[in-house]
Amino acid sequence: QVQLVESGGGLVQAGGSLRLSCAASGKIASINAMGWYRQAPGKQRELVASITSGGNTNYADSVKGRFTISRDNTKNTEYLQMNNLKPEDTAVYYCNAEVSVPQGTVLYTDDYWGRGTQVTVTS
């Protein structure tokens, strides 16, 4: 019922910037928390940043001060501004959202994932 589509990934040199976008679509009643995860080859998927519906944010220590998560509730979209990128930021970045979907008289809430966008940072 819900689809998340990431965009904005690419190839950049160390020190460069990228801005990722994630647009949610479908029969959405509300979106609660949203976040960005990443997974590098041979590593576990890790939380990069998250943002609540009220705008409270949380960042992994490795990206704190360099990345900024934001959301536009009118567009059901979240963003990740990535500055001063490092080679260790290279990974597939996945959008995640906790979405409530109306089903009759109740709301069904579940986590949804995008298919990912590749970010590659060269030295």
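This structure is a prediction, so every number in the text was calculated from the model and none was measured.

Focus: the pairing of strand β1 (residues 2-7)
Line of reasoning, step 1. With burial as the criterion, only one face of β1 is covered, namely that bearing V2, L4 and E6; the residues Q3, V5 and S7 on the opposite face remain uncovered.
Line of reasoning, step 2. Here β1 runs beside strand β3 (residues 18-26); their pairing, made up of six bridges, is antiparallel. Residue pairing across strands places V5 opposite A23, the latter belonging to β3.

Things to note about the sheet that holds strand β8 (residues 77-82)
Sheets are built from strands that pair by backbone hydrogen bonding, the pairs being arranged parallel or antiparallel.
Line of reasoning, step 1. Taken in spatial order, the four strands make up an open sheet running β1-β3-β8-β7, and their pairing is antiparallel. Edge positions in the sheet fall to β1 and β7 (67-72), since each of these pairs with one other strand and no more. Ignoring strand direction, the axes of neighbouring strands in this sheet form an average angle of 15°.
Line of reasoning, step 2. With six bridges connecting them, β7 and β8 associate as antiparallel partners. If you follow F67 over to β8, its bridge partner there is M82.

How each quantity is defined
- Residues numbered from 1 in each chain as written.
- Predicted model: local features only at pLDDT ≥ 70, side-chain atom pairs only at ≥ 80, totals over all residues.
- Heavy atoms only, no water.
- Buried < 20%, exposed > 50% of the residue type's maximum accessible area, 1.4 Å probe, protein only.
- Helix = DSSP H or I, 4+ residues; strand = E, 2+ residues; numbered from the N terminus.
- Pairing = 2+ DSSP bridges.
- Axes fitted to C-alpha atoms, helices over the stretch in contact; angles between N-to-C directions.

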